[in-house]
Structure formats: C-alpha cells, structure tokens
Amino acid sequence: MQQLTSYLCGAWADGQGNTRTIHHAVSGEALYQVSSEGLPLVESLEYARKKGGKALAAMTFQQRAQMMKAVAKHLLANKEVLYALSTETGATRADSWVDIEGGVATLFSYAGLAGRELPDDTLWPEDEMIPLSKQSQFVARHVLTSRPGVALHINAFNFPCWGMLEKLAPTWMAGMPAIIKPATASAQLTQAMVKMIIDSGLVPEGALQLICGGIGDLFDHLDYQDAVTFTGSAQTGLKLRAHPRLIEKSISFTMEADSLNCCILGEDVTPDMPEFGVFIKEVTREMTVKAGQKCTAIRRIIVPANQMEAVKQALLKRLAGVTVGDPTLPEVRMGALINVEQRDEVQARVNELRDSGCEVLCGGSLDKLVLTGNSNRNGAFYPPTLLYCADPMTNQAVHSTEAFGPVSTLMAYQDTGQAIALAMMGQGSLVGSLVTADEQIALQVIRATACAHGRMLVLDEAASAESTGHGSPLPMLVHGGPGRAGGGEELGGLRAVKHYMQRTAIQGSPSMLAAIGREWVRGAKVKEEPIHPFRKYFEQIDIGESLLTARRTVTEADIVNFACLSGDHFYAHMDKIGAAQSLFGERVAHGYFIVSAAAGLFVDGAVGPVLANYGMENLRFIEPVKIGDTIQVRLTCKKKVKKVQKTPEDKPHGVVMWDVQVLNQEQQPVALYSILTLVERQQGDFVASV
C-alpha cells in the first residue's frame, strides 16, 4: 500500500513504525498508510525559522502578494488532479469546488488586498503619526514587523485544501513560514496540493512544510515567536490550548472549533412569502453540502411555533429529493462522510439526541439510507436526518450535542425574545442566520445575538439573489467565533495578517519615524529641489521630497465664480447677512474651491511622467478661508508603491502618495489631505504569468 510522504527540511520522506490507514470514503478500500514516526519533526521548526522565515521576511509585501498570486494561478491550472483525488473523501464536484477553488480564491483575495493596501516594504506602518508633545517633535506610530518564528497549522478533515490555504494566505503575507499538519482522514488531498506548490518552485524553500501523521513532541519545542492554529473539535482544541509550553512561552494560539450554529425564521415570515422558500433552501443546503461535515453547518433550526408544521413538511419534501451516493455520479447531490468511523460517530450523536427526547422526522439510521445508482453500500454514507425537539428551552442536549454530518434539529419559539434566547444557548457560534423581511426584527435579533457569533447573515428576498450563503466564510470577513466556537479569528481581510505579526509602538522625532517607516510624516525633514516633482519618474522621486508653492489671495470673485461653476450656493459662501450670523461671522470660501485652488498651485501642467490623479484621502478642513486670505501649499512625497506591469503594452508605473498641507498667511493649516498619482516608471519589469 502506498505510503503518504511528508515534506520536511527540504525533502519528501516516509515515516516509520506504526501507521494509520486512509480508506476510500465511497468504496471503503484501503488507500494509503500514514506515519510520521522517525521524521525530523523538531528539526523542521528550525529549518522553517532559519530558511523559509528569513527568505519570506526579506520579501516585501508586494513581492509576497505576487508570489501568492502565482501560486494561485498554478493551482488552478492543475485543479483537475485535485478534483479527482477529492472524490476519495466522499465529496461531490460541488463540494470539491468550495474546497479547491474556494481555497485558491482566498490566495487571490489576499494578494489583491496586499497589492492595493500594503507597502512595497517589509515593515508596515499601521497608523498615522500620533503627537505626544506640544510642538509635535516627540511623536509615535504603530508598526508591524514579521516575527522570526513558524506557524504550525493543525487542520480539520472536512476542507483539506481550503482549510490549509485560508491559513497560509495571511501567514505568508505576514512573512512567516508554515508547517501544515492535515487531518489524516483526508491528508492525501492536502499532500497533493502541497506537492504542486513545492514542485512549482514559486515559494522559498522552507516556507511550506507538511507533516502527514502525528506531530509527536513538536509542541515542546515551540518558542514565543511561533504561532499555532487549530481547527477541529472543541474537546481536542481545549486540550491543545492548555499545553504547558504554550502557556509558559505565551505562544499565540488560535482555535476555530465546530459549533451548534443556528438559523432563525423570523416570526413575520409566512409560507406565501419569498423568504419562506429562501429559508427552506438554505437549511437544506447547509444540511447536505459536504454531507453536513462543515463547521458552519446549520445544526439548530429555530422556527415560530405557528409555522412549525409548514416548515416540517417543506423540509421533509426537499430532503426527500436529495440523492445520496457515489459523488462521481452526475445525479448525486450528497456524497459520503469521510470514513466509516465518522459515520458511526454521527450515529452515536443522533442516538444521544433521540434519547434526550428528540423525535426523528427522517433518516436517523442506516436502515433509512437510500443510495442512488450502483453506489457501494460499504461506503461511509449516512441519510439526511431531521430531528424535532418539542421543548428546546429545557432540553440541553440540542444545544450541546453536535452530530457532525447531515443532521439538524427543528425547535419552536413563541416570540422573538425566545428565539434570541435559543440562539444564545449555543454558547458561542461561528455563524448564525436570520431569515426575515422585517427590519425591526432584524434589528432586535442581531443586536441581541451578535455577541455570541463570529458572523451573522440576514436574508430577505433582496439579499438572497446574490448571497453566498450561511456556510460560506469569505476572505474579507472574520471566520471564527466566541465560546464553543473557539474564541479565535481567521480571515477577516488584512486584520488576519496582523495575527502573525508583531505590533510595536515606535516613539521618537518625526524625522526618526519617517526614516524607520520609510514613509514621510508631518514634522519630519523635507528635501526641496529646483526640479518640480511632477517632472520626475517614479524611481527619481524621493520620500520626503517637497515643494512649497507660490501664494494666492482669495477674492470675492473667486467665491462667486466657483459658486456659479459648481452650483454650490450655500449661504456661508453667498449670503452676507446669513454668513454674518453663522459660526464663521462672515462669508468664507468653499472648501472644494480651496482644494481646487491648491491643485492649481502645485500641479505642473505639462505632459510628463505623471499619468493621472488616482484619488484623494483623509481630507479635513481645519480653518475657514475668508475673502482676502492668502493660501500656499506644501506638497510632500509621503510614500511610493510600485505597481506590477500586467502586460508588455502597459506603461510601467507606480502610485505616489503626496501629503498636501494648504496654509494661510499665518502659516496655519486650512486644509490637510493626501493625493495619489500614477507616475510612470523608467524601467518595465513585465513577467509572463505562470
């Protein structure tokens, strides 16, 4: 039988000694043997830190983004190999799409986020300058730096690809290497994807390692710069979280555990409303996608008592139409569980729920299983199972017992307050859903239950047309939850990257902070040259390069002409009597006239390296400009971000952010903001896609 090899310290290797066997979820045949005994597990930590970590930390955020984008393209080009392997885990094509292409989409998403928002540098200035003294010559700001450690990712069996990639994306973006420990039951799919990445040569050696099997005493050798993430059962996660080494070294530990997620049907919804059909469809989908083996699956269906019978009948009808069997058959909509052991575990939990007083409405045992076509009955199949709890306020089992399969429990509520109470009895969930057409019900439920959920979905007819669904974590949104759900966070956009970086408050003079952050801050030294900065190419512009413009005196004619041109006849600008009674005491210039006049002062209008105005950020009007006041502009290069040349025909360019200070005759700021310009680069660097 084939041995599933691990990738450690730059080499693929077989473990020795005791092995575990991976079985085909559909046929039951033995596929692979898995062992990590005798492998250089401890050595892999130092290999990651010294080799992969140093290489990643030396790359800028923009370079890491391009690396991840290239990896994503490579995986998509070879995805059919992964789809074929995925059927061994019992997944249908639709199930596999979420796992494989959904995971790859996460890499693309983080690469795009970084490309738009992170510097072309290894240090990330997180915020603006914070004054600490009267004259603002003692200031501070927070910066993020890569930690010289390694991230150990312990993943669950249900999403062997997405589960790895959704953690790798922010880890790599932070400049930290990773060691992946997939669940053994589906490790062959993770291993195949890791091999694709390693063979591509797109990531630095040591940035990615793989352990197929147990982790041995790896925890005993972790250090304070390292990080651990865990996805799986709450029971296992709590045991790992309490490891003495994690406590002793204050090692970052993020846990995402299975939870008893709920879906509430609002008391306003009746069977003749579109929202009723949305509810039935959403619950059925969440019960049957991945055969219910999702940490986000709906386990508790909370329904108004007066609609219970209608919901029962609609769900039973819909579930009866779900075809179960070999996922390679086109007519099959739900495949097998990961293995027979998991099927038996689901049956045990269903028995517990039944013994607690729940009524089985459909499924509930293997003798109720109907398979499609010539599906092998030796597979780990289990029927869609709907239970009914008559007294959910006193039956604690329905709020604490999870059957990790195609199983969910119906329960009734009398009013919205009781629906909220039932939702909260889950003791912390990854996600909850509310289906309602009533905005006041949505306000009441979400405000009361958001504290117990990592994510909440509100579905009405309008949202349902484009909704990604209850069970779809998205890269830009938090995936995690409080309490039973583990108390951790994954994803959530760039916030997730920060989990793997060190946040440090840097104090000093503005010039020192500008030098450290390679980003000019107000109050720092400037560099003035006779050549207008708009006459320079991207590479020629220095951080801190500055232009102090000529002056312009604002006249009444300026205000009147701008009002006529813009159509803005606000009384503070045009009504002498009204303006005298305003907080200004007299007529003042339009704020946007000041911005326009400032551009007229600092822009060099000739054709040159500046290609376009890219936008404006953080505009604030500080002081009014009155008739007769004189303005002047200080324009300073704040930071630069080199943009990737996508095609040979594109002009190579970068984005330059300029700090703009509009000053009056007293040298007081009247307007502060930043502008972004696209500036041509002298040298192109187009590289063909993988």
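Quick look at the structure, then. (Residues numbered from 1 in each chain as written. Predicted model: local features only at pLDDT ≥ 70, side-chain atom pairs only at ≥ 80, totals over all residues. Heavy atoms only, no water.)

### Thoughts on the overall build of the chain
Secondary structure summary: the chain contains 20 helices and 30 strands in total. Counting the 690 residues in the chain, one finds 56% classified as buried. Long-range contacts, defined here as pairs at least 24 residues apart, represent 74% of the contacts in the chain between residues at least 6 apart. With an accessible surface of roughly 28600 Å², the chain has 52% of that area assigned to carbon and sulfur atoms. Charged side chains of the chain number 63 positive and 73 negative; the gap between the two group centres comes to 4 Å. (Helix = DSSP H or I, 4+ residues; strand = E, 2+ residues; numbered from the N terminus. Buried < 20%, exposed > 50% of the residue type's maximum accessible area, 1.4 Å probe, protein only. Contact = heavy atoms within 4.5 Å. Areas by Shrake-Rupley, 256 points an atom, 1.4 Å probe, with all protein chains shown as cover. Lys, Arg positive; Asp, Glu negative; His and termini not counted. Charge placed at Lys NZ, Arg CZ, Asp CG, Glu CD.)

### Focus on the sheet that holds strand E16 (residues 359-362)
In spatial order, the strands read E16-E17-E18-E15-E14-E19-E20; together these 7 strands make up an open sheet with mixed pairing. A strand with exactly one partner marks an edge of an open sheet, and here the two such strands are E16 and strand E20 (453-459). For this sheet the average axis-to-axis angle between neighbouring strands, irrespective of direction, equals 25 degrees. In this structure, strand E14 (residues 261-265) lies alongside strand E15 (residues 298-304), joined through 4 bridges in parallel fashion. By the bridge assignment, Cys 263 is partnered in E15 with Ile 301. Helix H12 (residues 416-424) rests against E14, E15 and strand E18 (407-413) of the sheet, and its axis sits at about 145 degrees to E18. (Pairing = 2+ DSSP bridges. Axes fitted to C-alpha atoms, helices over the stretch in contact; angles between N-to-C directions.)

### Some words on the environment of Gly 373
Structurally, Gly 373 can be placed in the loop between E16 and strand E17 (385-389). The class of Gly 373 is exposed, set by a relative accessible area of 61%.

### Points about the sheet that holds strand E5 (residues 30-34)
If you walk across this open sheet you meet the 3 strands as E1-E5-E4, and the pairing is mixed. The two strands at the open ends of the sheet, each matched to only one other strand, are strand E1 (2-3) and strand E4 (20-23). Bridge count for E1 against E5 is 2 bridges, and the pairing is parallel. Following the sheet pairing, Gln 3 is matched in E5 by Gln 33.

### As for the nonpolar core
The nonpolar side chains of soluble globular proteins are, as a tendency, buried together. Among the nonpolar cores identified, the biggest contains 62 residues, and Met 68, Leu 75 and Trp 172 are the most heavily contacted of them. No other element matches helix H6 (residues 187-200), which puts 8 residues into this core. Contact partners of Leu 75, with chain neighbours within four places excluded, come to Val 104, Leu 107, Leu 165, Met 193, Met 196 and Ile 197. Core analysis: the second largest hydrophobic core is formed by 37 residues, Ala 25, Val 26, Tyr 382 and Cys 389 among them. (Core = buried A, V, L, I, M, F, W, Y, C linked by side-chain atoms within 4.5 Å.)

### Examining the state of the cysteines
Here the structure, examined in full by the defined rule, presents 0 disulfides. Between Cys 262, a cysteine without a disulfide, and Cys 263, which holds the nearest cysteine sulfur, the sulfur-to-sulfur distance is 7.4 Å. What makes Cys 262 buried here is its relative accessible area of 2%. Cysteine Cys 295 shares no disulfide, and the gap to the nearest cysteine sulfur, in Cys 262, comes to 15 Å. (Disulfide = S-S within 2.5 Å.)

### Here we look at a nonpolar patch on the surface
Together, Ile 130, Leu 132 and Phe 138 line one region of the surface with nonpolar side chains, adding up to about 230 Å² of accessible area. Tracing the chain through its elements places Leu 132 in the loop between strand E7 (130-131) and strand E8 (139-146). Under the relative-accessibility criterion, Leu 132 is labelled partly exposed at 39%. (Patch = residues over 30% accessible without salt bridge, like charges linked within 9 Å, V, L, I, M, F, W, Y side chains within 5 Å. Salt bridge = Lys/Arg side-chain N within 4 Å of Asp/Glu carboxyl O.)

### Some details on the pairing of strand E13 (residues 252-257)
Regular strands place their side chains on alternate faces of the sheet. In terms of residue burial, E13 counts as a mostly covered element, since 5 of its 6 residues are buried. In this sheet, E13 lies alongside strand E12 (residues 227-232) in parallel orientation, the contact comprising 6 bridges. Considered in E13, the bridge of Phe 230 is made with Met 255.

### Examining H6
With 14 residues, H6 extends 20 Å from end C-alpha to end C-alpha; this agrees with the ideal 20 Å at 1.5 Å per step. By the criterion of burial, H6 is predominantly enclosed, with 11 of the 14 residues buried. Taken together, the buried positions of H6 are occupied by Ala 187, Gln 188, Leu 189, Thr 190, Gln 191, Ala 192, Met 193, Val 194, Met 196, Ile 197 and Ile 198. (Expected span 1.5 Å × (residues − 1).)

### Points about the packing of aromatic side chains
The final tally for this structure, using the stated rule, is 9 aromatic pairs. Ring geometry for Phe 61 against Trp 124: centres 5.8 Å apart, planes inclined by 75 degrees, an arrangement best described as edge-to-face. On the criterion of sequence distance, the pair formed by Phe 61 in helix H2 (residues 61-77) and Trp 124 in strand E6 (residues 124-125) is long-range, its members being 63 residues apart. Note on accessibility: Phe 61 and Trp 124 belong to one class, buried. Every member of this aromatic cluster is reached through a ring pair, and the members are Phe 534, Phe 602 and Trp 658. Just above the ring of Phe 61 sits the side chain of Arg 64; from NZ or CZ to the centre is 4.8 Å. The residue whose ring lies beneath Lys 290 is Phe 159, and the NZ or CZ to ring-centre distance is 5.0 Å. (Phe/Tyr/Trp six-rings, centres within 6.5 Å; stacked < 30°, edge-to-face > 60°. Lys NZ or Arg CZ within 6 Å of the ring centre and 35° of its normal.)

### Brief notes about the pattern of salt bridges
This model, assessed by the stated rule, comprises 33 salt bridges. Linking Lys 498 and Glu 126 is a salt bridge whose minimum nitrogen-to-oxygen distance equals 2.9 Å. Within this pair, whereas Lys 498 is found in helix H15 (residues 494-498), its partner Glu 126 is found in the loop between E6 and E7, the two being separated by 372 residues in sequence. Taking relative accessible area as the criterion, Lys 498 reaches 29% and is therefore assigned partly exposed.

### Some thoughts on the side chain of Ser 44
By the element assignment, Ser 44 lies in helix H1 (residues 41-58). Judged by relative accessible area, which is 0%, Ser 44 ranks as buried.

### Remarks on the environment of Gln 307
With respect to the secondary-structure elements, Gln 307 resides in the loop between E15 and helix H10 (308-320). On the basis of relative accessibility, which here comes to 10%, the residue Gln 307 falls in the buried class. When the C-alpha atoms of Gln 307 and Leu 265 are compared, they prove to be 9.2 Å apart, with 42 residues separating the residues in sequence. Sequence-distant contacts of Gln 307, that is, excluding residues within four places in its chain, are made with Val 269, Thr 270 and Pro 271.

### Describing the packing of H12 against helix H13 (residues 439-449)
H13 packs onto H12 with a crossing angle of 30 degrees between their chain directions and a minimal axis gap of 10 Å. Of the possible angle classes, the one that applies to H12 and H13 is roughly parallel. Once H12 is placed against H13, the crossing between them reads as right-handed. Contacts between H12 and H13 involve Thr 416, Gly 417, Ile 420, Ala 423 and Met 424 on the former and, on the latter, Gln 444, Val 445, Ala 448 and Thr 449. A per-class count over the contact of H12 with H13 returns 5 nonpolar, 4 polar and no charged. (Parallel < 35°, antiparallel > 145°, perpendicular 65-115°, else oblique. Left-handed = near helix turned anticlockwise from the far one by under 90°. Nonpolar A, V, L, I, M, F, W, Y, C, P; charged D, E, K, R; others polar.)

### Re the environment of Thr 468
With respect to the helices, strands and loops of the structure, Thr 468 is situated in the loop between helix H14 (461-464) and strand E21 (478-480). Residues Thr 468 and Leu 457, spaced 11 residues apart in sequence, show a C-alpha to C-alpha distance of 9.8 Å. If we ignore the near neighbours within four places in the chain, the residues touching Thr 468 are Arg 285 and Leu 474.

### Remarks on unusual backbone geometry
Glycine aside, negative phi is the norm for most residues, and most peptide bonds take the trans geometry. We note that Ser 136 has phi near 60 degrees; this positive angle belongs to a residue other than glycine. Residue placement: Ser 136 occurs in the loop between E7 and E8.

### Describing H10
The terminal C-alpha atoms of H10, which comprises 13 residues, lie 18 Å apart, in line with the 18 Å expected from a rise of 1.5 Å per residue. Residues of H10 that are buried: Met 308, Val 311, Lys 312, Leu 315 and Leu 319. Along the axis of H10, the buried positions cluster into a sector of 100 degrees, meaning they face one direction only. Opposite its buried face, H10 presents the exposed residues Lys 317 and Ala 320, each directed more than 90 degrees away. In the core, the buried residues of H10 are packed alongside E14, helix H9 (274-288), E15, E16, E17 and E18. (Arc of directions from axis to C-beta.)

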